[in-house]
Amino acid sequence: CQAAYNIVDVSLGCSESLKLSGENHLGLQPPDLATIITASEATEISHHGMDAKLLPAATCNLGNAVLVLADSITRFDGEAALTTSDLLVIASTLSRVLAFSASGEDSAVEAPTRYERTTVLSTALSLLLRATLAADPGLIGQYRDDFIMAIKGLEKLACFKVDTKSSESHSIVAILARSSIGEIVNTSSDDSDNFEHSFVSHAFSKGFVSSLLRLQTELDDHVCSLLQTIALQPYGATILVDAGICQSLQASAKAYLLEEEHVERKLRNHGAEYNKTTIRTPPFLLSHLKLMSALLASASLPYKRAAEVAISLLHTFALYKRIVLRLCSNFPSEADVLRWFMRCFVQAASLAQPTNTHDRHELLSNGVSKAKTIFLKARFLENGIAMLCQHLWENPFPTDLLPDIPPLLQDFDDDPHSTVVAVEKNRGQTWWNVLDNVLLPSTAESQYEFNAPTGRNDFGYWSGRKQKVWTHTKFEYSIAAMDVLSLGLSLLKRMDRFDLIDGRSAARGLFNCACVAESVENRISEIQYRSENSGSVMDTGEMVKSDNPELEREYLSRLGLSTARCVEELLIISFELAADAKENGKGDVGSAIRGAIEQSGIDSKGVGCLSMAQDAKGRGELVSNLCKQIQKKSKA
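Anyway, here's the lowdown on the structure attached to this text.

Rules behind the numbers
- Residues numbered from 1 in each chain as written.
- Predicted model: local features only at pLDDT ≥ 70, side-chain atom pairs only at ≥ 80, totals over all residues.
- Heavy atoms only, no water.
- Helix = DSSP H or I, 4+ residues; strand = E, 2+ residues; numbered from the N terminus.
- Buried < 20%, exposed > 50% of the residue type's maximum accessible area, 1.4 Å probe, protein only.
- Areas by Shrake-Rupley, 256 points an atom, 1.4 Å probe, with all protein chains shown as cover.
- Core = buried A, V, L, I, M, F, W, Y, C linked by side-chain atoms within 4.5 Å.
- Contact = heavy atoms within 4.5 Å.
- Salt bridge = Lys/Arg side-chain N within 4 Å of Asp/Glu carboxyl O.
- Axes fitted to C-alpha atoms, helices over the stretch in contact; angles between N-to-C directions.
- Parallel < 35°, antiparallel > 145°, perpendicular 65-115°, else oblique.
- Nonpolar A, V, L, I, M, F, W, Y, C, P; charged D, E, K, R; others polar.

### Brief notes about the overall build of the chain
Here's step 1: In terms of helices and strands, the chain carries 26 helices and six strands.
Here's step 2: The buried share of the chain, taken over its 636 residues, is 49%.
Here's step 3: Of the roughly 30,700 Å² that the chain leaves accessible, carbon and sulfur atoms contribute 52%.

### Some thoughts on the nonpolar core
Here's step 1: One finds F204, I245, F317, F341 and F345 to be the most contacted residues of the largest nonpolar core, which totals 174 residues.
Here's step 2: For this core, the element with the highest residue contribution is helix α17 (residues 335-352), accounting for 13 residues.
Here's step 3: Non-local contacts of F345, meaning those with residues more than four positions away in its chain, are made with F317, V324, F375, F380, I385 and L491.

### Observations regarding the environment of W340
Here's step 1: With respect to the helices, strands and loops of the structure, W340 is situated in helix α17.
Here's step 2: A C-alpha to C-alpha distance of 9.8 Å links W340 and L285, two positions 55 residues apart in sequence.
Here's step 3: Setting aside anything within four residues of it in sequence, one finds W340 in contact with L286, L289, K290 and S293.

### Section: unusual backbone geometry
Here's step 1: Omega for the peptide link from F331 to P332 comes to 15°, which places this bond in the cis form.
Here's step 2: Residue position: P332 is located in the loop between α16 (321-329) and α17.
Here's step 3: One non-glycine residue, D496, lies in the positive phi region at around 55°.
Here's step 4: Note on placement: D496 falls in the loop between α21 (472-494) and α22 (503-532).
Here's step 5: The partly exposed category is assigned to D496, whose relative accessible area is 44%.

### Remarks on the side chain of D483
Here's step 1: Residue placement: D483 occurs in helix α21.
Here's step 2: Assessed through its relative accessible area of 16%, D483 is described here as buried.
Here's step 3: Beyond its immediate stretch of four places on either side in the chain, D483 contacts R339 and S562.

### Section: the pattern of salt bridges
Here's step 1: Scanning the entire structure with this criterion turns up 29 salt bridges.
Here's step 2: Among the salt bridges present, the one from R497 reaches E382, with a minimum N-O distance of 2.9 Å. Here R497 is found in the loop between α21 and α22, whereas its partner E382 is found in helix α19 (residues 381-394), with 115 residues between them in sequence.
Here's step 3: Taking relative accessible area as the criterion, R497 reaches 14% and is therefore assigned buried.
Here's step 4: Judged by its relative accessible area of 23%, E382 falls in the partly exposed class.
Here's step 5: Residue K493 pairs with E569 through a salt bridge whose shortest N-O separation is 2.9 Å. One end of the pair, K493, is in helix α21; the other, E569, is in helix α23 (residues 549-583), with 76 residues separating them in the sequence.
Here's step 6: Residue class for K493 comes out partly exposed when judged on its relative accessible area of 23%.
Here's step 7: Judged by relative accessible area, which is 2%, E569 ranks as buried.
Here's step 8: Salt bridges sharing common partners tie together K493, R565, E568, E569, D615 and R619.

### Observations regarding the packing of helix α15 (residues 303-319) against helix α18 (residues 370-378)
Here's step 1: Taken N-terminus to C-terminus, the directions of α15 and α18 make an angle of 5°; their axes are 10 Å apart at the nearest point. The pairing of α15 with α18 is recorded here as roughly parallel in orientation. Packed against α15, whose contacting residues are I311, L314, H315 and A318, the element α18 presents K370, A371, I374, F375 and A378 at the interface.
Here's step 2: Across the contact of α15 with α18, the residue classes tally to seven nonpolar, one polar and one charged.

Laid out in structure tokens, this is it:
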């Protein structure tokens, strides 16, 4: 601490600019620094901020010194490490200094310097708070008022609009201020059992929240990160919903669609029919989807109000129906945006159409749920989602890494619609071929490479002259594909749209996904065996080639769990399809589903990678019961 005070003393003394009562104080000692801060806060000088008595250039040095010190003390370890209590005391003092630094008029000459100094101090505060995340909430609560004071000091800076195309300092200031507010909220937010006592209700004024929503409406996509942080706190969603976040998000969507329609008309007028033009997903959309997902995930909204929010957001999603269709048609391009769309769809549908029919009565409209009505009008499922799900479950892996489809599951119907119209199909082209073309330019720059996620004895491992290699980017896309599929299946199931599913195709998907889950589990086992027996006589080096075994295990676990979830969803859907097949005399569908279960072995071995799930036992029992029920129905 003495060293810290000495550095601050040097930073001020070198500039010869600390002026109190017209004198230069160059030999500042620790008690003097504390006295200056306390006195400044307690007097009328505080209305004019730090710049009333200190020269701006010197106080910038103060901010830089504090930032360097904060970075240093959070890196200490062992006996030199500061306790959490000490860090909170420093953070508390720094919060008061930050609020003092932020005070002043925007029209003043020193305003830009004040903005810079305040954001530097806020960054130092973020570093300190990040180091106290594991602190006892009761201990943090002792400094709650100081942290709220810091948020109040950063409000004005956080409301500067961020323009990614501009190099103005206001954008940088706003980003740093918002980041610091988010750090304060994550550290200080509590689990109060009522709104009046919650941290967010005291930290965020109505005016501040309204200003943030105005920025969001103006498509300042960076502000959504802060709004998302607020939404995830206890009663944070309540504040945002009360302020009109749902209307703001819908206004943003309408404003964008008007602009897109204008651009499309302009392109058509310039002969775009003969030139390939692609309208990309707007940059702000991903941040808006994450914000909407956070609102839908809030546990503090009463059930009825959460359902109303879900319905409102579904209307907003409906405005983006053309974008959803483009994302489905162009998959895997912008796969992460589609994944967030699907996640929001499932969240909204689960709130707007609860499984308990007793809870639905106020959400029904003419006997059909409002959620279903919105989906029917937007045609999300018919115009893209169902089509993409079928393609993904038939191709969860590249063709050369999948086993041959059993004869019972093969599709021999080349053209069921017409004996006159000739249709040419390229069955060898899948989304994996598109992905390879997308990844081709970046393959040489890949930081890590791994063997394809199949075990040594699985199909496709030695089908070429050398082992197939996957980059970390390819893993990310494959995980995104399985996430999209599991969410899409959940949505089809929740909307009761089994009429959009081809039974025999679903059976092939069940077989393929089950084989992929087992292959991934085998690969994980081999990596684990290698790590436990490295250097032993049994280690031939042929089994595993990995640039980073820990990273590969993480990718495999995520891929395996997501694929296992797809198998579960396909089993539930297959159960419904098998029941329908029995009632309507579609024996071939029931036989195909039973064949997929028996050929993949999930009725005897279970689903690969499911054992890694937290609730593995209960889910394993569900899989076993579903298999038995399906086999019973299809044999009867």
